[in-house]
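Tertiary structure, described
Next come the chains, spelled out residue by residue.
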Amino acid sequence: MAQKIRSADGLLQVIPPPGHPAILPKKGESNVLITSALPYCNNVPHLGNIIGSTLSADVFSRYNRTRNRPTLYICGTDEYGTATETQALKEGITPRELCDKYHVLHKETYEWFDIGFDYFGRTSTPLHTEICQEIYQNLGKNGYLEPQSKDQTYCENCGRFLADRFVEGICPHCGYEDARGDQCDSCSRTLDAIELIKPRCLVNKSHKVVARTSTHMYVKLDTLQPQTEQWIKNAARRGKWSPNSVINHDLEIIDARMKAGLVPAPLTRDLVWGVPVPPLGREDDEIMQTKVLYVWYDAPIGYPSITANYTPEWKQWWFNPQDVNLYQFMGKDNVYFHTVYFPSIQLGDKRDWTTLFHLSTTEYLNYEGGKFSKSRNRGVFGPQARETGIPSSVWRYYLLSTRPESADAMFSWADCIAANNNVLLNNFGNFVNRVLKFVSSQYQGVIPESEDLAGPLSPNDSEDSVFISDVNRLLHEYITVMDAVKLRQGLQTVMAISQLGNGYLQSSGLNKALMISNPKRCAQVVSRAINLIYVLSALVEPYMPATAKAILPQLNAPPRAVPDVLSTDILAGHTIGTPEHLFKKIEESLADKFRDRFGGNEAKAATTTTTEAAASATASAKPKAKGKKDVAAPVFTGVMTQEMISKETEITQQGDKIRSLKAQPKSPETDARVKEEVETLKRFKSELSQLQFP
Ligand SMILES: [Zn+2]
Ligand SMILES: [Zn+2]
């Protein structure tokens, strides 16, 4: 099919898609390094975790790629520490086996949500050990480590110190019998295990637990504090931090711990599952040699160590503050560790680290009038999202449009379905489909000669000056808010632009009658609308990569960069692909089925109001009826069965197989194989359509 696309520097996307072999920063360019908080490896993530870090970081990294900036997005599982040891004990497997299991569950969940890490690694690697030990030794060399001895609970039968989670006993405050080593569930005071009366070993209650002195290595955060404070103030100004729990709008430190004066923090633990403490060449080496580094110390080092597992050139990213801006995404409870604790460690290490440039945090996402709760089976956890049959694009759209940026947000099935039906289907999908169908049916799929010159459209255009200026204004807004990591606002802007597109079709009266009465104007409207769709494909890519991927073959065009202004890039004579619906309607009645399946019906009183709100939003957001019949797309009517899910997986894999075949050099053999595999794909699709919703 004839492709006629303007060639200009920076028009197309040149940064490879996520996961391509080693992307490295380029001197003199704005290089972007992105991390999302490392999920802990003893459970599966829920939607709140996903929106807070991994999904948000994914949107921002995809955005930077559409701006042709060298971008690296790194994440992985945080694997060491007592929480993994405890969970492994419960499941009767080794910590390593537990981490292997949950690492895969996390990876699969993120893959389904289309989260495009360049690399998703883990902290239990030899390189991680090496880097953690090197930093520790530098802290020692620079005089920031000191040993402290304290009494700790020790089990004589197990022959080891008991971490907080391995001990229970009587609460010294309220007398509750089963207080945990770190907290009493009855009076909810925080405890130190050594305070418990009659402490018991959780491995076996009959074990003899005693107090024994243990020596640990501490990092002198107090000595580092003046440097850390100075660094925070500079970084907050430079990276335009939003006010957070550590620093306020006037660049005053408000963190309670810093105001009271930081105290030395322990870096070591009496555990087995962790990074061994390396020698410092001092006399206390001997007592330290059986211990491991504390998980709070080693977890943030996971960012550079996972990068080291991705590329041997990792130092180009992590020791390059001049050329690299580091953006970190996390839940609000993680701010201290990213702005105070880890930067202090980097300062104490004294090498020229790339340090935090901008942090993005979110508040909490709640679920149907309550909280997510794994134990009470409330909410959607990890791989369950796909069981709904709602495509990952729609999930992403809904989660990002409710991203809890300044206050807690509420997940509701009714709102999720309304978002799909009212915004994605009626606004965005309608615009794209209506234009493509018109070109396909009226112009045999070939863009007509509009007499628009290739390149930017003039905002003083005799016909469309208002439309063009409005699009350009919104494009400028999109770029501004995205650069400031205001992701929810960015998404609103994308939908406002497609709404402009719908308004444009309406006001210019695009239809067959126009084509007959004024062919020149009709061709112009078509050209401008098609080029707006091309822009939208890039704007929507960060939010809904699968949707962008579906639009491009319909346009028959390669991925483009986000432009500064609307321009004529798809030219007359270009042949488009086959128009297909981007979204399906979801039956509103499904909200009830989802609440039965995932919890939430117990809070029905609370959700009625949201449903009503969604219904009134529907009424106001509905676009005018023109071209409405084009919207009659397939409909979802039920929760997917296991069989449907596995069939869908087969279809995805088959699609990948065909794409990789097509990427091979052309020959009669590969052509024949492609044909064959396409037949199989068609068969899978028809088999899926035969399966019935329960
Ligand atoms: Zn014991
Ligand atoms: Zn108590």
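All chains use their own residue numbering, which begins from 1 and follows the written sequence. Each chain is given a letter, starting from A, and each ligand a number, starting from 1, according to the order in which they appear as written. pLDDT decides what is reported in this predicted model: residues at 70 or higher carry local features, side-chain atom pairs at 80 or more are listed and counted, and totals for whole chains, interfaces and linings draw on all residues regardless. Based on all heavy atoms of the structure, the side-chain values leave hydrogens and waters out of the count.

Going by what an unreviewed UniProt entry lists, the protein is known as methionine--tRNA ligase and is assigned to Lentinula detonsa. UniProt positions are given in the numbering used here, feature names are shortened, and annotations may be inferred rather than shown by experiment. In the Subcellular location (unreviewed entry) part of its UniProt record, the protein is described as follows: "Cytoplasm". The record held by UniProt for the protein lists under Catalytic activity (unreviewed entry) the comment "tRNA(Met) + L-methionine + ATP = L-methionyl-tRNA(Met) + AMP + diphosphate".

**As for the overall build of the protein**
In terms of helices and strands, the protein carries 21 helices and 20 strands. This radius of gyration counts C-alpha atoms alone. The globule rule is 2.2 Å times how many residues there are, raised to the power 0.38. On C-alpha atoms alone, the protein measures out to a radius of gyration of 28 Å, which is about the 26 Å that the 2.2 N^0.38 rule sets for 694 residues. Overall size of the protein, expressed as C-alpha extent along the three principal axes, is 95 × 60 × 55 Å. Residue contacts are defined here by distance: any two heavy atoms, one from each residue, within 4.5 Å place the two residues in contact. Sequence-distant contacts in the protein: of pairs separated by 6 or more residues, those separated by 24 or more amount to 79%. With residues, only the protein chains shown are counted as cover, and all accessible areas are computed by Shrake-Rupley using a 1.4 Å probe. Accessible area of the protein: about 30,100 Å², with a carbon and sulfur share of 51%. Only four residue types enter the tally: Lys and Arg on the positive side, Asp and Glu on the negative side; His and the chain ends are excluded. In plain terms, the charge of a residue is placed at NZ if it is Lys, CZ if Arg, CG if Asp and CD if Glu. Averaging the coordinates of the 77 positive side-chain charges in the protein and doing the same for the 78 negative ones gives two points 4 Å apart. Numbered from the N terminus, helices here are DSSP runs of H or I no shorter than four residues, and strands are runs of E no shorter than two.

**Some words on the packing of helix H13 (residues 465–483) against helix H16 (residues 519–540)**
Each pair of packed helices can be described by the angle between their axes along with the distance between the axes. Axis lines are fitted to C-alpha atoms, over the contacting stretch for helices. Their N-to-C directions set the angle, which ranges from 0 to 180 degrees. Two elements in contact, H13 and H16, have axes separated by 13 Å at closest approach and are oriented at 5 degrees. Classed by the angle they form, the pair H13 and H16 counts as roughly parallel. Where H13 approaches H16, its residues Phe467, Ile468, Val471, Leu475 and Tyr478 are matched on the opposing element by Arg528, Leu532, Val535, Ala538 and Leu539. Each residue belonging to the contact of H13 with H16 can be placed in one class, and the counts come to nine nonpolar, no polar and one charged. Here the angle decides the label: under 35 degrees means roughly parallel, over 145 means roughly antiparallel, 65 to 115 means roughly perpendicular, and every other value means oblique. Charged residues are taken to be Asp, Glu, Lys and Arg, nonpolar residues to be Ala, Val, Leu, Ile, Met, Phe, Trp, Tyr, Cys and Pro, and polar residues to be all remaining types, Gly included.

**Considerations on helix H5 (residues 221–238)**
Multiplying one less than the number of residues by 1.5 Å gives the expected span of a helix. Its 18 residues place the ends of H5 23 Å apart at the C-alpha level, agreeing with the 26 Å of an ideal helix rising 1.5 Å per residue. A residue's bend is the angle separating two fitted axes: one through the seven residues that end there, the other through the seven that start there. At Gln227, H5 shows its largest bend, some 35 degrees. Turning to H5, the residues buried within the fold contact strand S9 (209–219), helix H6 (256–260), strand S10 (265–266), helix H10 (335–349) and strand S14 (356–362). Positioned one or two residues after H5, Lys240 has a phi angle of 50 degrees, which is positive.

**Quick word on the coordination of the zinc ion (ligand 2)**
Within the protein, the zinc ion (ligand 2) binds to Cys171 (SG), Cys174 (SG), Cys184 (SG) and Cys187 (SG); these donor distances fall in the range 2.3 to 2.4 Å. Donor criterion used throughout: N, O or S atom within 2.8 Å of the metal, extended to 3.2 Å for Na, K and Ca. Water excluded; incomplete-looking sites may result. Angular criteria define each label, namely tetrahedral for four donors with all angles between 85 and 135 degrees, square planar for four and octahedral for six donors with opposite donors over 155 degrees apart and remaining angles between 65 and 115, and irregular for whatever fails these tests. One way to put it: the four donor atoms around the zinc ion (ligand 2) meet at angles of 104 to 116 degrees, and that makes the site tetrahedral. All donors of the zinc ion (ligand 2) come from a single chain, and their spacing in sequence reads C-x2-C-x9-C-x2-C. Here the term buried applies to any residue with accessible area under 20% of the maximum for its type, exposed to any over 50%, and partly exposed to those in between, with areas from a 1.4 Å probe on protein chains only. For Cys184, a relative accessible area of 0% translates into the label buried.

**Some details on the sheet that holds strand S8 (residues 197–201)**
Taken together, the three strands give an open sheet; going across it, the order is S7-S6-S8, and neighbouring strands pair in antiparallel fashion. Looking at which strands have only one partner, the edges of the open sheet turn out to be strand S7 (179–180) and S8. Only strands joined by at least two bridges in the DSSP assignment are considered to pair. Where strand S6 (residues 167–170) lies against S8, three bridges are found, and the strand directions are antiparallel. Looking across to S8, one finds that Val167 is bridged to Cys201.

**Things to note about the pattern of salt bridges**
Salt bridges are counted wherever a side-chain nitrogen of Lys or Arg sits within 4 Å of a carboxyl oxygen of Asp or Glu. As enumerated under the stated definition, the model contains 38 salt bridges in all. The partner of Asp118 in a salt bridge is Arg65, with the nearest N and O atoms 3.0 Å apart. A residue pair is termed long-range when its members are at least 10 positions apart, and Asp118 in the loop between helix H3 (95–112) and strand S3 (119–122) and Arg65 in helix H1 (residues 47–66) qualify at 53 residues. Residue classification places Asp118 among the buried residues on the basis of a relative accessible area of 7%. Owing to a relative accessible area of 2%, Arg65 belongs among the buried residues under this scheme. The closest approach of N and O atoms between Asp100 and Arg122, which form a salt bridge, is 2.8 Å. With Asp100 in helix H3 and Arg122 in strand S3, this pair connects stretches of sequence that are 22 residues apart. When its relative accessible area of 32% is taken as the criterion, Asp100 is described as partly exposed.

**Notes on the coordination of the zinc ion (ligand 1)**
Taken together, Cys155 (SG), Cys158 (SG), Cys201 (SG) and His207 (ND1) make up the protein donors of the zinc ion (ligand 1), found 2.1 to 2.3 Å from the metal. Viewed at the metal, the four donor atoms of the zinc ion (ligand 1) are separated by angles of 102 to 121 degrees, and the geometry they form is tetrahedral. The sequence motif formed by the donor residues of the zinc ion (ligand 1) is C-x2-C-x42-C-x5-H.

**Re the nonpolar core**
General note: in soluble globular proteins, nonpolar side chains tend to be found buried as a group. We call a set of buried residues a nonpolar core when its members are Ala, Val, Leu, Ile, Met, Phe, Trp, Tyr or Cys and they connect through side-chain atoms within 4.5 Å of each other. Counting 168 residues, the largest nonpolar core has Tyr136, Val219, Tyr297, Trp395, Trp413, Phe428 and Tyr543 as its most contacted members. Excluding residues that lie within four positions of it along the chain, Tyr543 makes contacts with Val59, Arg396, Leu400, Tyr478, Met482, Leu487, Gly490, Leu491 and Val494. Within the second largest apolar cluster, 15 residues are counted, among which are Cys155, Leu162, Phe166 and Leu196.

**What to know about the UniProt feature "domain: Methionyl/Leucyl tRNA synthetase" (unreviewed entry) in the protein**
Residues given the UniProt feature "domain: Methionyl/Leucyl tRNA synthetase" (unreviewed entry) here are residues 32–436. For residues 32–436, the end-to-end C-alpha separation is 35 Å, with 40% helix and 19% strand making up the annotated structure.

**Examining the pairing of S14**
The element S14 is extensively covered by neighbouring structure, given that six of its seven residues are classed as buried. Bridging between strand S13 (residues 324–331) and S14 involves six bridges; their strand directions are parallel. Looking across to S14, one finds that Tyr327 is bridged to His358. Each parallel crossover has a hand, and the one from S13 via H10 to S14 is right-handed. Crossover handedness is defined here as right-handed if the route from the first strand over the helix to the second strand goes clockwise, with the strands pointing away from the viewer.

**As for the side chain of Thr354**
Looking at where Thr354 falls in the secondary structure, it is placed in the loop between H10 and S14. Counting of polar contacts relies on pairs of N or O atoms within 3.5 Å, with two restrictions inside protein: one atom must be capable of donating a hydrogen and the other of accepting it, and residues adjacent in sequence are counted only when both atoms are side-chain atoms. In this structure the side chain of Thr354 is engaged in a polar contact, spanning 2.7 Å, whose partner is the backbone oxygen of Trp317. In terms of polar contacts, Thr354 uses its side chain to reach the backbone amide nitrogen of Asn320, at 3.0 Å. Among all residues touching Thr354, those that are not within four sequence positions of it are Trp317, Trp318, Phe319, Asn320, Pro321, Val324, Leu326 and Gln346.

**Some points on the packing of helix H8 (residues 295–310) against H10**
At their nearest, the axes of H8 and H10 sit 10 Å apart, and the two run at 90 degrees to each other. By the criterion of interaxial angle, the relationship of H8 to H10 is roughly perpendicular. Contacts from Trp296, Tyr297, Pro300, Ile301 and Tyr303 of H8 reach H10 at Phe337, His338, Tyr341, Phe342 and Ile345. When its residues are assigned to classes, the contact of H8 with H10 shows nine nonpolar, one polar and no charged.

**Concerning the sheet that holds strand S2 (residues 71–77)**
Here we have five strands laid out as an open sheet, ordered S3-S2-S1-S13-S14, and parallel in their pairing. The open sheet terminates on both sides in strands that have one partner only, identified here as S3 and S14. Adjacent strand axes in the sheet meet at a mean angle of 25 degrees when their direction is disregarded. One ladder, built from four bridges, connects S2 with S3; its direction is parallel. Bridge pairing in S3 links Ile74 to Tyr119. Packed onto the sheet, H3 meets S2 and S3 and runs at close to 165 degrees relative to S3.

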